[in-house]
Structures are given as structure tokens and as C-alpha cells.
Amino acid sequence: MTTNGSLKRHTMIAWMEDKPGVLNRVAGLFRRRNFNIESLAVGHSETPGISRMTFVVRGTDRDMRQVQTQLNKLVNVTAIQDVTYEPTVVREMALIKVTATNENRADIIQLASIFRASIVDVDLESLIIQVVGPEDRVNSLIGLLQNFGIQEMVRTGRVAMVRGARTEAAGINGETAVSAHPHHKNGQY
Amino acid sequence: MNKIRSGGQIIWESLMHEGVEVVFGLPGGAILPTYDALAKYEYPIHHVLVTHEQGAAHMADGYARATGKVGVCIATSGPGATNLITGLATAYMDSTPIVAITGQVPTSLLGRDGFQEADVQGISLPVTKHNYLITDIHDLPMAIKEAFYIARTGRPGPVLIDVCKDVQQAEMEFEYPATIHLPGYNPNMNAPDPQAVQRAARLLNEAKKPVIVAGQGVSIARAEQELRELAEKAQIPVATSLLGIGTFPATHPLSISWGGMHGEAYCNYALQECDVLLAVGARLDDRLTGAFETFAPKAKIIHVDLDPAEMGKNLTIDTPVVGDALLTLRALLPLVEPNEHPAWLEQIAAWKQETGYRDILAQETDELVAPYVMRALWHATQGDCTVVTDVGQHQMWEAQYFHHVKRRSLLTSGGLGTMGYALPAAIGAQVGLPDEEVWVVAGDGGFQMTMPELSTVVQERLPLKIAIINNGYLGMVRQWQDVFYNKRHAGTPLFNPDFVKIAEAYGIPARSVTAKDEVYEAIQEAQAYRGPFLLDFQVEEFTNVYPMVAPGKSNADMIRRPLSHNLEAGE
């Protein structure tokens, strides 16, 4: 069988040694194994020398197992965890440059405040709005701001963190965090 | 004692720390400081000069497969390194441990498109288990230490170290590191999960029609004896993958040969009909399984492999067992009860008999067909030799008609299917096993891809025996044209040189063989000669390999050999 359930978006966190070319290795693997990556964000973790990547991948449960096991084979990847079924805090940040005139500037500022976004730059003909939140909130704000004319936009992609005290291996001791998805527990691959 | 060493010296001294006795390579500008260190300090490592770097990688591969040690190859930057890539990809697909060392332009020129610069780390990324670009001499000893560790542990594979020229010239106080720290590398050499082993044992004990599929993982783990004990204890028939040939004696009563696209028909019937399938150290790739969703449809599948990524990659697995083949079979043995499966074994024997009727060697023909040569080679050597095949029809016939009983006695490019593999890989095998009788079995097409390595054979005084199966075609491609492209032979008829004269130009004695009754005697002449010998078997040109499973089709839908004297693809 080549399929195992329907396509679903999964959020994964991978920890990797902060060495030259590591991002290239990960990106190369995604491409070569035909994994469908929707977003990817990477930066330092709490451990010096270890980077933390959050990425969103679409696929079946079988695909997810492949993503985890293939990624884990990269020598510089120290751990990987599928947090899709975990209680998580998920955030994304966007900077949005909107066309603003004297007539509508107040409307835009009010809209931003409803979304708890901040105005980080003001110009005679534009505003830059910074919004942080779950992706759907960012999406909603962007949808509304399109009415005013978006000149430029940048999004960071999703970052995620599991709620509560840290219990599972997280990238410093070489352990592989195992997915908590029920399908992976009964030996069905 | 002054321990100041240059990068070039460090490379050789590190190789010595790793027990390396021989390397295969070809020098060039960016690796010259390292070659110079070899000459200047006369390190006791034998350098085999090759004619093309692809040959160096295949030689390291053949050496590694034949001896179980890590093979080492060396090349210069740019084209030297890119020529290695086919060999590295071959080794990666077939899990062969290789360390490749390449020269790179000086760090000051990196990224400036200087002469003979290529992004070798980038190019080799998807065909190596890991790789390094060394821009600081202080990283060099640890990279070499890690490279050997990564190459040989877990699921073996090739590792490349790209060393900038100025790093080879720089100096430092050298001490080979004693330990390594790889927090992200877990080679899974632990025992398997006991619960998974118990589930596997339960399935095997309840099975009415069990089959074992043994892959190369059995051989890498040196678990041949345990495999045999398990099969005999529970009377389970054993099939192998192509790379698993030799893990179970083909002459054993429980052997059902090998399965897949050109495997034995009775083996494929057994795989399709079995109720429990135990795959050990086999990737279960498309050439073995046919269309994934049609493979072993009635079977509960137990998959033993130390690479977790193989679990469920292609098939739905009922009982995955992540673990080393040796440790897993040892854990499984006491839990599997003695058993007999008389009805099942009788059924397989009946299928085998039917296959026998269709055997081309059972058909009366005076023409020299390739399977006849393979069977004669088996008789003449009594199986006590190492055969290195190329890729194509002859490869399948060798696997069908030469009954391997010895571990590691067939070396072949199974995963990547690299034509040109045989001659250089056999050179590597013969260098590693100087007292072994090593046979190259190659088609006329593939042989010519790496034929210049004949000079390496002579240079190294290797007593290699070479059998060219010469049908004047790229035979396997021609066969696909016969079957799927209405016999339009685009690009498959070959213009061949006189291979006997080619061999003689290298000083290698040779003879051509055109008739059946010369075959055995010619093989014996080659065996008796104390040196390399080439045989050009000019075989019937249109014979095809059967059975044949069309790509994407089920193994149940095999195209069988016509039951007539007509050897052309007819049915």
C-alpha cells in the first residue's frame, strides 16, 4: 500500500547542530524525498550550538513517518518531534506595508489594534504593521488589509512550542523524540 | 618528539590509524600536497592508480564488499571529484562503506569559480551518508575519524571528505582523536524491541505458508549462520533479494532462489502465496516486489531492518522490527518453535518443477546461449570464487544459473544498476582478496564503459578472469524494446571492437568462444593461467531473460519463457 490515510498538515520541530550547510542538507532531503513543505523557520535554540527548526509539512501519516525517520538519518540532526497532536503554542509574525492616506490612516490603525498588531513605521503614504499570532489571525488581518492595498509583506512561517514543562527529549542528547500520534504506537507503519 | 604534521601527512597517518592498507585514486592539482606526502614519507599504504576516477570509487566499493572493510578512494577537485559521483551513488544505494577523499581549491579561491572548482559537497550531498568540506586543518583529524565511523556503522554507506589544498599544506600538532561526539548519529546497533520480536515469533509459529526474504543486511551483520538455523528449525523456505544472494546457500533444500522482476518464477509464486513473510535486511524495493500494492497480498509482513526509515517506506508492514539482523535473528531463534510445513514445501516443489520444464537449458538448441556459460562457470569453479557482474541480461542470468553457496560471492550493482561496475569492482575485490578466484562477468556494452581499467589489472598484476557475454546489443534494453516497444531497436545494436585484440594490446591473453563445446575448456584454460585472462563469449544474440515482470505490474503477472525452441521474445 502506498497510501495511509488522508493528506494532513503536520507541524514538526527538528533540532540540529549549528554547522555550515545543515540547512542545505535538510532542504535537499525535503526535495529529494518529495516532501511537501509549506513553511519553515529556523533559529537558535536554548542550547548553544543547537538550532531549532519548525516546519509544516503536508502528507499522510506514512509520509510523516518517512519525514521523521529520513530526517533523523542526517548526521547533524539531533532530534525531531511531530507536535501536531500535542497541545502547543503556535505563532507566526508578519510585517505588512499598507498604503495609507490621511483619510484612512485612522481606520487602519484601529484595525491593527483589534488584532493586537503594532504600527512599527509611519510614512506619509504608508504604514508598516507588525502582527504576531496564530496563522489564522495573521491571515484574517492580511485579508482585511488587502482592501487598503498591501505594498509589501513578509511572514516568518510557523514556530511552535509544546505547552507545559519539558518532558521529552529535545535535541541535546541525541535521543529521538517519538511522535505521539496513536497510529505510530501499535506498530502500524 | 615533534608531532607537527602537514594536512597531507595527517590524511595518510589518519588512514593508517583506521587500518587502511590500500587506496584507489588518481592525482591532480588540488590533491597534490597529499600525494606528495605519500611519496616523501613512504607511508605503508598501497596506492592503486586508476585510469578514471569512477573506477576508483567502484574499486573501493568492490574492495569493501569483498572484505567487509571500508574502501578508500582519492581524487582531485572538480572533474576528478565529479567522476567519483557515479561510484558513490552506487555505493549509497547498496549500502557499501566507502571513504572518499577529494582535493578542493584553496580556501582563498572557494566560491570564485577558479580552475577545477566544483561544489563537491553540494553535488555529493544526496549520494553520501555524510560529507565534509574541510577549510581548517584543525578539523581534519576529527573529520576522518568520524567519516570512518559513520561509513562502517549502522547501515553502511559512503562518506566524502573534501579537503582544500591549503589545508593539505598547512601544519599543526597532530594527534589522532581517541573519541568522537556525534549527538545526532544513532547507528541503531542495539538489540531490537523484545515485544516486536515476540510478535514476529508468534506470527512465524502460527504461519502455514511462511517465507523468509534475506537481503544484504544479513551479510553485513554476518548473520548467515543464524538465518540458516532459523530456516532449518522451522522449515521455512528462504528467498533472497538480488543483493542477498549468498546469504543462504542456493543448493540448500530450503532455498527458493531469489525473487522479483527476473527472479525464479517458483520463488515469485511462493512470495505471492505466503501467509507470513519475514524480510531480514532487505529494502523490499520495486524490483523485488513488483507493484507495491500487489506484493505478497495474503501475507502478514515482518520487516527486520536496522534503518527505521525502511519500515513502511514501500509496503504496509504488520510487524516492524528495528534492529541489527544478527541480534534480531538471535533473539528470534529461541522463540520460534520447531515446525514443518510439508504441504507448503510440496507446493513450492511442484512450482519449481514446472519452472524447470521451461528452463532454457532444458531446450534442445545447439546455439551458445548465455545461461549455458553461467552454468558452465558454476560447474568449473564449483562455486568457490567471487563473481562480480555488470548490469543487464548477463547479470540476471548469472544470478539465475550460478548457484551461490558462499557468503559475499556475488558482487553486483543492485540498487543503482550501474553499467561499468564489474571490471573496477572486481579489481577492488581482487586487491582485497589476492588469493581468491575472482571472475568479472560483464556484457559487451557495460564492459566498454570502464574497459580502460584493464591497464589497472595489468599494472597491479591481478589474476582476474574476465568473461564478456557478447551478444552485440545493449541486451536488457533491447529486451525491453522487444517486449514494450514493438521490437524497435533504437540505440541498442552495438559496434564492438575485437575484445581479444583489445586484451592482447594490454598484454592479457584472451580467446573468443563461439560454440557450446568450447565453453568448459575455455573456462578451464582461463583458470589454469597464472594471470589475467579474458574470454569473449559470443552468444546467441536474441535470447531474453525470463521470467519477466513488467514495471509497475504484479509479480503474479510474470511473462514466462515460451515453451518452444524459438528463443526470440514471442509471447
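Keep in mind that this is a model prediction, so the values were computed, not measured.

Some words on the overall build of chain A
Each helix and strand counted, chain A has 4 helices and 9 strands in total. Counting the 189 residues in chain A, one finds 47% classified as buried. Considering only contacts in chain A between residues 6 or more positions apart, those separated by 24 or more positions represent 74%. For chain A, the accessible area works out to roughly 9600 Å², and carbon and sulfur atoms hold 51% of it.

What to know about helix α14 (residues 342-358) of chain B
All names here are of chain B. Given a rise of 1.5 Å per residue, 17 residues ought to cover 24 Å, and the 25 Å separating the end C-alpha atoms of α14 matches this to within 8%. Listed as buried for α14 are Trp 344, Ile 348, Trp 351, Thr 355 and Arg 358. An end-on view of α14 places all buried positions within 60 degrees of arc, on one side of the element. Across α14 from its buried face, at more than 90 degrees, point the exposed residues Pro 342, Ala 343, Glu 346, Gln 353 and Tyr 357. At its buried positions, α14 is contacted by β9 (210-214), β11 (255-258) and α11 (265-273).

Here we look at the environment of Thr 456 of chain B
All names here are of chain B. With respect to the element layout, Thr 456 can be found in helix α19 (residues 454-459). Overall, the relative accessible area of 0% leaves Thr 456 in the buried class. Expressed as a C-alpha distance, the spacing of Thr 456 and Tyr 35, which sit 421 residues apart in the sequence, is 18 Å. Not counting chain neighbours up to four residues away, the residues in contact with Thr 456 comprise Val 48, Leu 49, Val 50, Thr 51, Met 59 and Ile 427.

A closer look at a nonpolar patch on the surface
Taken together, the side chains of Leu 23, Leu 40 and Val 42 of chain A make up a nonpolar region of the molecular surface, amounting to roughly 230 Å² of accessible area. For Leu 40 of chain A, the position within the fold is in strand β2 (residues 36-44).

With respect to the state of the cysteines
Residue and element names in this part refer to chain B. For the structure shown, the criterion picks out 0 disulfides over all chains. Summary of cysteine pairing: Cys 73 is not part of a disulfide, and the nearest cysteine sulfur, belonging to Cys 164, is at 18 Å. By relative accessible area, Cys 73 is classed as buried at 0%. Sulfur of Cys 267: no disulfide; nearest cysteine sulfur belongs to Cys 274 and is 9.8 Å away. By relative accessible area, Cys 267 is classed as buried at 0%.

Let's talk about the pattern of salt bridges
Residue and element names in this part refer to chain B. Under the counting rule described, the total for this entry stands at 29 salt bridges over all chains. Between Lys 298 and Glu 273 there is a salt bridge whose closest N-O contact spans 2.8 Å. Taken together, the residues Lys 298 in the loop between α12 (286-289) and β13 (300-305) and Glu 273 in helix α11 connect sequence positions 25 residues apart. Judged by relative accessible area, which is 25%, Glu 273 ranks as partly exposed.

A look at the domain arrangement of chain B
A common way to express how large an interface is: the accessible area buried when the components associate. All names here are of chain B. Considered domain by domain, chain B is made up of domain 1 (4-173), domain 2 (194-353) and domain 3 (357-540). The gap between the C-alpha centroids of domain 1 and domain 3 is 31 Å. Domain 1 puts 24 residues into the contact, and the matching count from domain 3 is 26 residues. For domain 1, the biggest contributors to the area lost against domain 3 are Thr 51, Met 59 and Arg 65; these three give 28% of the whole. For the interface between domain 1 and domain 3, the tally reads 0 salt bridges. Run the count over domain 1 and domain 3 and you get 11 residue pairs in polar contact (both at pLDDT 80 or more). At the level of secondary structure, the elements contributing two or more residues to the side of domain 1 that touches domain 3 comprise β2 (22-25), β3 (46-49), α3 (53-67) and α4 (79-93). Residue contributions to the side of domain 1 that touches domain 3 peak at 10 residues, all from α3. Tallied by class, residues from the side of domain 1 that touches domain 3 come to 10 nonpolar, 11 polar and 3 charged.

Let's talk about the packing of aromatic side chains
By convention here, two paired aromatic rings are described through the distance between centres and the angle between planes. Residue and element names in this part refer to chain B. One pass over the structure, following the stated rule, counts 12 aromatic pairs over all chains. Considering the side-chain rings of Tyr 149 and Tyr 185, the 5.8 Å spacing of their centres and the 80 degrees angle between planes classify their relative orientation as edge-to-face. Taken together, the residues Tyr 149 in helix α6 (residues 140-152) and Tyr 185 in the loop between β8 (171-173) and α8 (194-206) connect sequence positions 36 residues apart. Geometrically, the ring pair formed by Tyr 473 and Phe 542 is tilted, given 5.6 Å between the ring centres and 50 degrees between the ring planes.

Looking at the interface of chain B and chain A
With 27 residues of chain B at the interface, the matching set in chain A holds 22 residues. Taken together, the links from chain B to chain A amount to 1 salt bridge. Between Lys 73 of chain A and Asp 307 of chain B there is a salt bridge; the shortest N-O distance is 2.6 Å. At the boundary of chain B and chain A, one finds 6 residue pairs in polar contact (both at pLDDT 80 or more).

What to know about the side chain of Asn 314 of chain B
Of note, Asn 314 of chain B is situated in the loop between β13 and β14 (319-322). According to the relative accessible area criterion, Asn 314 of chain B is buried, its value standing at 14%.

Let's talk about the packing of α3 of chain B against helix α17 (residues 422-432) of chain B
For any two helices packed against each other, the geometry comes down to the angle between their axes and how far apart the axes lie. Residues and elements named next belong to chain B. At a minimum axis distance of 6 Å, the contact between α3 and α17 shows a crossing angle of 45 degrees. Between α3 and α17, the crossing angle belongs to the class labelled oblique. As α3 packs across α17, the resulting crossing turns out to be right-handed. Contact residues: Gly 55, His 58, Met 59, Gly 62, Tyr 63, Ala 66 and Thr 67 in α3; Pro 424, Ala 425, Ile 427, Gly 428, Ala 429, Val 431 and Gly 432 in α17. Each residue belonging to the contact of α3 with α17 can be placed in one class, and the counts come to 8 nonpolar, 6 polar and no charged.

With respect to the domain arrangement of chain A
All names here are of chain A. What the domain assignment reports for chain A is domain 1 (8-86 + 163-187) and domain 2 (89-159). Across the contact, 8 residues belong to domain 1 and 6 residues belong to domain 2. When the buried surface of domain 1 facing domain 2 is broken down by residue, Ala 41, Thr 54 and Arg 163 rank first, second and third, together holding 50% of it. The interface formed by domain 1 and domain 2 includes 1 salt bridge.

Things to note about the side chain of Gln 168 of chain B
All names here are of chain B. One can find Gln 168 in helix α7 (residues 165-169). Using a relative accessible area of 1% as the deciding quantity, one classes Gln 168 as buried. One polar contact links the side chain of Gln 168 to the main-chain carbonyl oxygen of Ala 30, over a distance of 2.8 Å. Once residues lying within four places of it in the same chain are set aside, the contact partners of Gln 168 are Ser 6, Gly 7, Gly 8, Ala 30, Ile 31, Leu 32, Pro 33, Thr 34, Gly 103, Gln 104 and Val 163.

Observations concerning the sheet that holds strand β7 (residues 158-164) of chain B
Residue and element names in this part refer to chain B. The sheet built from 6 strands is open, its strands ordered β3-β2-β4-β5-β7-β6 with parallel pairing. Looking at the sheet topology across the chains shown, the edges are occupied by β3 and β6 (130-134). Adjacent strand axes in the sheet meet at a mean angle of 20 degrees, parallel and antiparallel pairs treated alike. Lying on the sheet, α3 is in contact with β2, β3, β4 (71-75) and β5 (98-104); it crosses β4 at an angle near 170 degrees.

What to know about the environment of Asp 119 of chain B
Residues and elements named next belong to chain B. Among the secondary structure elements, Asp 119 is positioned in the loop between β5 and α5 (120-124). Counting along the chain gives 98 residues from Asp 119 to Gly 217, while the straight-line C-alpha distance between them is 32 Å. A distance of 2.8 Å separates the side chain of Asp 119 from the backbone nitrogen of Gly 122, its partner in a polar contact.

What counts and how
- Residues numbered from 1 in each chain as written.
- Chains lettered and ligands numbered in written order.
- Predicted model: local features only at pLDDT ≥ 70, side-chain atom pairs only at ≥ 80, totals over all residues.
- Heavy atoms only, no water.
- Helix = DSSP H or I, 4+ residues; strand = E, 2+ residues; numbered from the N terminus.
- Buried < 20%, exposed > 50% of the residue type's maximum accessible area, 1.4 Å probe, protein only.
- Contact = heavy atoms within 4.5 Å.
- Areas by Shrake-Rupley, 256 points an atom, 1.4 Å probe, with all protein chains shown as cover.
- Expected span 1.5 Å × (residues − 1).
- Arc of directions from axis to C-beta.
- Patch = residues over 30% accessible without salt bridge, like charges linked within 9 Å, V, L, I, M, F, W, Y side chains within 5 Å.
- Salt bridge = Lys/Arg side-chain N within 4 Å of Asp/Glu carboxyl O.
- Disulfide = S-S within 2.5 Å.
- Domains from an automatic or database assignment.
- Buried area = accessible area lost by both parts, 1.4 Å probe.
- Polar contact = N/O pair within 3.5 Å; in protein donor to acceptor, adjacent residues only side chain to side chain.
- Nonpolar A, V, L, I, M, F, W, Y, C, P; charged D, E, K, R; others polar.
- Phe/Tyr/Trp six-rings, centres within 6.5 Å; stacked < 30°, edge-to-face > 60°.
- Axes fitted to C-alpha atoms, helices over the stretch in contact; angles between N-to-C directions.
- Parallel < 35°, antiparallel > 145°, perpendicular 65-115°, else oblique.
- Left-handed = near helix turned anticlockwise from the far one by under 90°.
- Pairing = 2+ DSSP bridges.

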